[in-house]
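Results of the structural survey
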Amino acid sequence: MTISAYLTGPFRLENSAGIDVTPPSSKNCGLLLLLLTAPSGVRERAWLQDKLWSDRGKEQGAGSLRQAIFQCKKSLGADKDLISANKLRVSLALEHITVRDTNAGEFAEGIDVRDPEFESWLRLERSGRSSNSSWKCQTETLPPAGPKITLTIKRTPAQDILASWLTEVLADQCASLLHQIIAANVTVCDPQSQPDAQFNLELDSVQVADGWIYLRGRLCESEYGTQVWAGYRAIKSFDSIPNDNDDILQMVFEVTEIIRRQLDQRSNQTSDDPPALNAKAITQMFRMTKDGAANADRLLKTAHDMRPNETQLAWQAQVRVIQYFERYRDGGQSLLDESEALAQRALQSAPSNSVVLALAANTLNHLPGREAQSAGLAECAVRAIPGNPYAWWTLASVQLSSRNLEQAFQPAWKSRELMNGSALEFLPESIMGGAALALGQEELALQHFERSLAFRPTFKPSLRYALGLNAKSGKLERARNLMQLLQEHESGFRPEQIIEDGEYPTSLFRSIGGVDNRFLRDLV
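Note on numbering: residues in each chain are counted from 1, in written sequence order. Where totals are concerned, whole chains, interfaces and linings use all residues; where local detail is concerned, this predicted model gives features only for residues with pLDDT of at least 70, and gives and counts side-chain atom pairs only at 80 or more. To obtain the side-chain values, all non-hydrogen atoms of the structure were included, while hydrogens and water were left out.

**Quick look at the confidence of the model for the protein**
For clarity, the threshold we go by: Every residue carries a pLDDT, the predictor's confidence in it, which falls somewhere between 0 and 100. Note on conventions: DSSP H or I runs of at least 4 residues are helices, E runs of at least 2 residues are strands, and numbering of each starts at the N terminus. Throughout, a contact is declared for two residues whenever any of their heavy atoms are within 4.5 Å.
Scored by pLDDT, the protein comes out at a mean of 84, with 87% of its residues at no less than 70. Looking across the protein, the model is least confident in strand 7 (residues 148-155), with a mean pLDDT of 63, and most confident in helix 11 (residues 354-364), with 95. For the stretch residues 130-147, pLDDT sits under 50, and the model shows 30 contacts to residues farther than four places along the chain or on other chains.

**Observations regarding the nonpolar core**
The cut-off we apply is this: Definition of nonpolar core: a set of buried residues of the types Ala, Val, Leu, Ile, Met, Phe, Trp, Tyr and Cys, connected through side-chain atoms within 4.5 Å. Only protein chains enter the accessibility calculation, which uses a 1.4 Å probe; a residue whose area is less than 20% of its type maximum is buried, one above 50% is exposed, and one in between is partly exposed.
With 115 residues, the main nonpolar core has Ile181, Phe286, Trp315, Tyr390 and Leu467 as its most contacted residues. Not counting chain neighbours up to four residues away, the residues in contact with Phe286 comprise Trp315, Gln318, Tyr390, Trp393, Leu424, Phe426, Leu427 and Arg456. Leu65, Ala68, Ile83 and Leu94 belong to the second-largest nonpolar core, a separate cluster that totals 37 residues.

**Comments concerning the side chain of Asp305**
Inspection of the secondary structure puts Asp305 in helix 8 (residues 290-306). For Asp305, a relative accessible area of 10% translates into the label buried. Setting aside residues up to four positions removed in sequence, Asp305 forms contacts with Arg43, Trp47, Lys51, Trp121 and Glu125.

**Regarding unusual backbone geometry**
With a phi close to 55°, Ala108 is a non-glycine residue in the positive phi region. Structurally, Ala108 can be placed in the loop between strand 6 (97-100) and helix 4 (116-127). Taking the relative accessible area as the measure of exposure, Ala108 reaches 0% and is therefore buried. Of note, the phi angle at Arg114 is positive, near 60°, even though the residue is not glycine. Topologically, Arg114 is positioned in the loop between strand 6 and helix 4.

**Structural notes on a nonpolar patch on the surface**
Basically, it comes down to this: Residues forming no salt bridge and having over 30% relative accessible area are the ones grouped into patches, like charges within 9 Å of each other and nonpolar side chains (Val, Leu, Ile, Met, Phe, Trp, Tyr) within 5 Å. Note that accessible areas follow from Shrake-Rupley with a 1.4 Å probe, and for residues the cover is restricted to the protein chains shown. The rule for a salt bridge is simple: a side-chain nitrogen of Lys or Arg has to be within 4 Å of a carboxyl oxygen of Asp or Glu.
A contiguous nonpolar surface patch, about 320 Å² in accessible area, is contributed by Val206, Val208, Trp212 and Tyr214. As for its position among the elements, Val208 is in the loop between strand 9 (199-207) and strand 10 (212-221). Assessed through its relative accessible area of 32%, Val208 is described here as partly exposed.

**Re the pairing of strand 6**
The side chains of a regular strand alternate between both faces of the sheet. The cut-off we apply is this: Only strands joined by at least two bridges in the DSSP assignment are considered to pair.
With burial as the criterion, only one face of strand 6 is covered, namely that bearing Ile97 and Val99; the residues Thr98 and Arg100 on the opposite face remain uncovered. Examined bridge by bridge, strand 1 (residues 3-6) and strand 6 share four bridges and lie parallel to one another. Across the sheet, Ser4 pairs through a bridge with Thr98, a residue of strand 6.

**Examining the packing of helix 11 against helix 13 (residues 389-401)**
Convention followed: Between N-to-C directions, angles cover 0 to 180 degrees, with each direction set by a line fitted to C-alpha atoms, over the stretch in contact for helices. Roughly parallel means an angle under 35 degrees; roughly antiparallel means over 145; roughly perpendicular covers 65 to 115; every other angle is labelled oblique. The handedness criterion is simple: a crossing whose near helix is rotated anticlockwise from the far helix by less than a right angle is left-handed, and one whose near helix is rotated clockwise is right-handed.
Viewed as axis vectors pointing N to C, helix 11 and helix 13 meet at an angle of 20°, and their least axial separation amounts to 9 Å. With respect to their mutual orientation, helix 11 and helix 13 come out roughly parallel. Regarding helix 11 and helix 13, the two cross each other, and that crossing is left-handed. Counting all contacts with helix 11, which are made through Ser354, Ala358, Ala361 and Asn362, the residues of helix 13 involved are Tyr390, Ala391, Trp393, Thr394 and Ser397.

See the structure below:
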């Protein structure tokens, strides 16, 4: 059972007898091409529908995909079992397929699917290949990763060995966190050996007589010759190892987040730099808007098509969670099923990646009966990289969902400290507000929710709870302003939904009991 696939020049498939088994429909050929170019030959159903039937509704697209799978199996004849499908994914057995590269013509010549999403994908594929280069099946070892982030380190010689070593540890931690958050292939080297580096991080350290180590860092974006960050820390050298020192961990995330933001600001939808696309996707998803989630999903898909990486799958799982709870997409439970499938694929590829572990834990946290597994993954994420604030944020969310309210404060506080100074502080602040509310500390809860909104005024989870708490405490003018803001981002919102609608995402209000809905009716 062997099929030969010709991907350059006219697209065609031949069986072992040399008979042409190419499907007559361009759409069906497009489906096979998407599977042939997939890592391990596997694609998500939702992803395939988006590429081939982007102009159709979910049900119609699902029906069209089922029909296309049937037609492709029919064309393959005796080799039909090479294609398999389940509820979430479609697979092609690449181990039984030989790619024949004629080096004649362009990639996938003659395939005319006439879907803008497929055409966009095809342009990116063709731009990454040349007509005279041999294409290898993706079941083989991938070529070296694409565009790298080069982070050069300039160290001022320190008399004390421990002070010098500390700067090296800091640089290593920055490289590791960048790789796990945005899938960047980071190179750390001396500026003289890499004069065209994207970023140059200068680190100075000195240890004084009383044992303290003083660190100074300065980050420059080499292309523009501009300084984009500077930071200073005083470290009690023998108090703890670097992985346990909050000042060092916070400095590492601060550098990492600055680099991510710089990449975000210069990336765009047509960028050929996957780390930059990933950086922009994180910003888009945490705008917490319908368009932001959709944009993040497209960016991550584009990046994954160009350079598959488990981090992109994990972030896509997070997008599905957002779309489910904020009702940005139809699909209900199927969105969480998609999120779980993406998270599981990411975990299989990178079971020790702290960001993957954290985002997978966040997915499982919203599935019934998976609380223990979610908590285990969150704890593993924290142990893998203690300086990963997403890991602490997820652990806090898991504790809150499990009603371990006192325990939710500590990881949320840790996440907030690591994110200190970044635009992401709204995430742990909201968790702290939820824990305080569940404990009956309404004034403290309102302080945290309002602080969350100070960082992200459109963050709807904090908007909802801040609205209810302001109304309950008699701050009606503030509550009405929040109501108007929420109505701008949530069509048809009514204040009484916070209490009366069992499906509305304000379960903490309903679970604590004793909440009178009259204070919400006064707003209308």
